[in-house]
Amino acid sequence: MNHSESRQADLLVVGAGPAGAAAAIEATRHGLHVVICDPGQPRPPADVIVSEAALGALTALDVARHLPLRPLEAVELRLGAGPARRLPEAAAALCDRADLDTALRHALADLDLPVLRGSVETITVEADGLQHAAIRGTDAPATVAARHVIVAGGPPPAGTGVACTQLYTGAQPANRLLLMLPAPRTIDPAETPTCVWAAPAARAGTFTLGVARLGPANPDFLLEQARAALLAAHPELAGARPCGPPRAGVLNSAFAPERVVDGGRLLVGDAAGLSNPFTGEGISYAAQSGVLAAQAVAAHPSDPQAAAAAYRRTLSRTFVGYFETARHASQRYHLAWRVLAATAHTDRPVFAKVRRVVLLPEGFSNLTAAERMRLDSGDHLLLAPFLLACDEVAISTVRREWPFIARLLIAGDSNPHRRLRPAAAFLGALTAAGAPPDITHATLAAAIELATLGALTFLGPMPDQPQPGRLVDWSITGAVLAGDFLLGQATRLVAACAPEMSWSFADWLADLAAHRSHRLQHHTSTPASALFAALLEFPARIGGRLGGAPAEVIDALRTYGEQCGHVFLHAEDALALRGRRTRLDVDLPAMMNGRISAITDLLGEKPICRRQALEATTAAGTTAAQAAHATLTKIPHEPAARILRAFLDALASPLTPTRPGDGTERDRAGQPVHPPL
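Everything numeric here is computed off the predicted structure, so don't read it as measured data.

Peer 1: I'm lost on the packing of aromatic side chains in this one. Help?
Peer 2: A full pass over the atoms with the stated rule returns six aromatic pairs. A centroid spacing of 5.6 Å and a plane angle of 65° characterise the contact between phenylalanine 505 and tryptophan 508, whose relative ring orientation is edge-to-face. Residue phenylalanine 505 and its partner tryptophan 508 are located together in helix 15 (residues 502-520), separated by three residues, close to a single helical turn. Residue classification places phenylalanine 505 among the buried residues on the basis of a relative accessible area of 2%. Each ring, one from tryptophan 508 and one from phenylalanine 538, has its centre 4.5 Å from the other, and the planes form 10°; the classification is stacked. Of this pair, tryptophan 508 sits in helix 15 while phenylalanine 538 is found in helix 16 (residues 529-546), placing the two residues 30 residues apart along the sequence.

Peer 1: Is there a simple way to explain the nonpolar core in this structure?
Peer 2: General note: in soluble globular proteins, nonpolar side chains tend to be found buried as a group. In this structure, Met373, Phe426, Trp508, Tyr560, Ile635 and Phe647 are the most contacted members of the largest nonpolar core, which totals 94 residues. Counting residues per element, this core draws most heavily on helix 17 (residues 551-577), which supplies 12 residues. Sequence-distant contacts of phenylalanine 647, that is, excluding residues within four places in its chain, are made with Met373, Leu420, Arg421, Ala424, Ala425, Leu536, Tyr560 and Cys564. Ranked by size, the runner-up nonpolar core spans 67 residues in total, among them Val50, Ala64, Val115 and Ala286.

Peer 1: What is the right way to look at the environment of tryptophan 337 in this model?
Peer 2: On the secondary structure map, tryptophan 337 appears in helix 8 (residues 333-343). Relative accessible area serves as the criterion here: at 14%, tryptophan 337 is assigned to the buried category. For the pair tryptophan 337 and leucine 79, spaced 258 residues apart in sequence, the C-alpha to C-alpha distance is 8.0 Å. Aside from chain neighbours lying at most four places away, what touches tryptophan 337 is Leu79, Gly80, Leu181, Pro182, Ala183 and Pro184.

Peer 1: How do you make sense of the sheet that holds strand 4 (residues 70-71) when you look at a structure like this?
Peer 2: The strands making up a sheet are joined through hydrogen bonds of the backbone, oriented either antiparallel or parallel. Taken in spatial order, the three strands make up an open sheet running 3-7-4, and their pairing is antiparallel. Only two strands of the sheet have a single partner each, and these edge strands are strand 3 (47-51) and strand 4. Note that strand 3 and strand 7 (residues 92-96) share five bridges and pair antiparallel. The partner of valine 50 across the bridge, within strand 7, is alanine 93.

Peer 1: Looking at this structure, I do not really get unusual backbone geometry. What am I missing?
Peer 2: Of all residues except glycine, most have a negative phi; of all peptide bonds, most are trans. In the Ramachandran plot, aspartate 62 falls in the positive-phi region, its phi being about 65° despite a non-glycine side chain. Mapped onto the elements, aspartate 62 comes out in the loop between helix 2 (52-60) and strand 4. The exposure class of aspartate 62 is partly exposed, given its relative accessible area of 32%. The phi dihedral of aspartate 112 falls on the positive side, at around 55°, and the residue is not glycine. Mapped onto the elements of the fold, aspartate 112 is located in the loop between helix 3 (97-110) and strand 8 (115-117).

Peer 1: Looking at this structure, I do not really get the side chain of threonine 452. What am I missing?
Peer 2: Residue position: threonine 452 is located in helix 13 (residues 442-457). Look past the residues within four positions of threonine 452 in its chain and what remains in contact with it is Pro422, Trp508 and Leu535.

Peer 1: Explanation requested: the packing of helix 10 (residues 377-398) against helix 13 in the structure shown.
Peer 2: When two helices pack together, their arrangement is given by the angle between the helix axes and the distance between those axes. Viewed as axis vectors pointing N to C, helix 10 and helix 13 meet at an angle of 60°, and their least axial separation amounts to 8 Å. Classed by the angle they form, the pair helix 10 and helix 13 counts as oblique. Every pair of crossing elements has a handedness; the one defined by helix 10 and helix 13 is right-handed. Residue-level contacts link Phe386, Ala389, Cys390, Val393, Ala394, Thr397 and Val398 of helix 10 to Ala442, Thr443, Ala445, Ala446, Glu449 and Leu450 of helix 13. Considered class by class, the residues forming the contact of helix 10 with helix 13 number 10 nonpolar, two polar and one charged.

What counts and how
Residues numbered from 1 in each chain as written. Predicted model: local features only at pLDDT ≥ 70, side-chain atom pairs only at ≥ 80, totals over all residues. Heavy atoms only, no water. Phe/Tyr/Trp six-rings, centres within 6.5 Å; stacked < 30°, edge-to-face > 60°. Helix = DSSP H or I, 4+ residues; strand = E, 2+ residues; numbered from the N terminus. Buried < 20%, exposed > 50% of the residue type's maximum accessible area, 1.4 Å probe, protein only. Core = buried A, V, L, I, M, F, W, Y, C linked by side-chain atoms within 4.5 Å. Contact = heavy atoms within 4.5 Å. Pairing = 2+ DSSP bridges. Axes fitted to C-alpha atoms, helices over the stretch in contact; angles between N-to-C directions. Parallel < 35°, antiparallel > 145°, perpendicular 65-115°, else oblique. Left-handed = near helix turned anticlockwise from the far one by under 90°. Nonpolar A, V, L, I, M, F, W, Y, C, P; charged D, E, K, R; others polar.

Right, here's the structure in full:
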């Protein structure tokens, strides 16, 4: 190496793994001059799990097309000795780590981004205000001077746990990812969780066994524990034997937004502690944090301090509640495990979402509805500040005590003003009379959203009667604790910010409780849609009242909200009938068993086919949507009517006719299959 050689760039990226490559690709797309430095040490062959979130990130970076993936049919979750549960909301694939590295190099080469082979020894800030990195390597310059530095590699960070893998031969599980959380081994409340996974390897008759544990652990002991857990669940794999050396590495899940900047350098991926404390998954977090860091640099190319502040804020918002949830669960592993085990087969919407929050890498993908409201730029300017303020209030209210609820509220969404949420309908109604929205009402909007989530906590099938004795039903206990917490916090916010609305708010909560109670009685005449009509009627009505709308407009808003509730439930039924993911994260049998479906209200209890049910559901939902649209002609303020119309259209979008490839079950000839319900 010529030690007199130096290079200057807008951005130096240290490390060319998923996080570093993502940062370099995104920064280049923003027109920045990027230099990448990586030691280029070859990695031993090892299977890597590519989650749905990771695949989405790699696809957006144009990496996935270079990557040979082995798709898995399903993710199967097992807690302790309990039965397995397939997670239809999860998807995964496998690839070799060497193939992933090759795909990353190809994607970088496509953008003319060569990787300098070398290790960064020191980085100092000189008088010119640039960060000067001294590099040792065979083909790297002596120094690189850059305004910004993103660190995605280097010496292994201080770990919070251990992750191990080993290849086995002599047997091969079904083509699915087996995810197991063994029961706690001791009564020690400080015991930390162990997560075991297994998946078929590339070579026939082989599979990879992996295990992750928080805290210090002996890798050999961990792998033996993982093997015992696997064989207890799948005795058909008893003949398998190791066919390669065990591999162990550091698991770093110490992420905290305040620690993602070190000496002006932005830390991403493993360097930032972005690994799931339960499963050890990190590719999706690595790629997403790399993209966010590059976007922060691109937004502030001449101001590293502003870029660092923007990165902290965005990363905190993107992963709000995620790592707090996992850390809280791991620190209270006995309690968390009991709740997860008790709810593994519970088809309550809230528990389906909790499984996603704790065990699955969501990242940029949403935990709520996939649909987005279609808004023009003027409506964005009206909605965005109000809804961001609503998020700030709601998250600050619940984040410390129940971080997973904060995760459910925002889900890392970068466009909160487009999300399908009650606060959007509230804001539209608040401006129906033409007055600009009062930002202080964002607190009431947050209370409405917390109360809505609290009401949904109690939805779903009731559990079987418990056995006599002093047993605790952790599924009911968890639902009651979470629901009561949400309703209590919502009530507190209303009392503090809008005491004049306390009686109306209390009446609304009582109405919701009455509707739910009636639905639990199997012979009740109360339709399922009544509960959802009440959920969405209140935000629209109370928004109009607070905004000073005349009585006839408030009546129209009440009808609008009720019809939106009907539309929501019929759209849920349509999604479930087509085999697609619903907004409540439950499938059709769970909706029917939990009496949160309108199908029997429309067609009765007699056996029917899916086609008939879908036709009836679509017709009823379309009728409700038309009725809601008709009320908007009575809204005098056009911007408010547009927002309410966008909310309604997003609600109703699943009612549109299906197309091939939309998830509808089909036979070998490609024709839809309509088995009886």
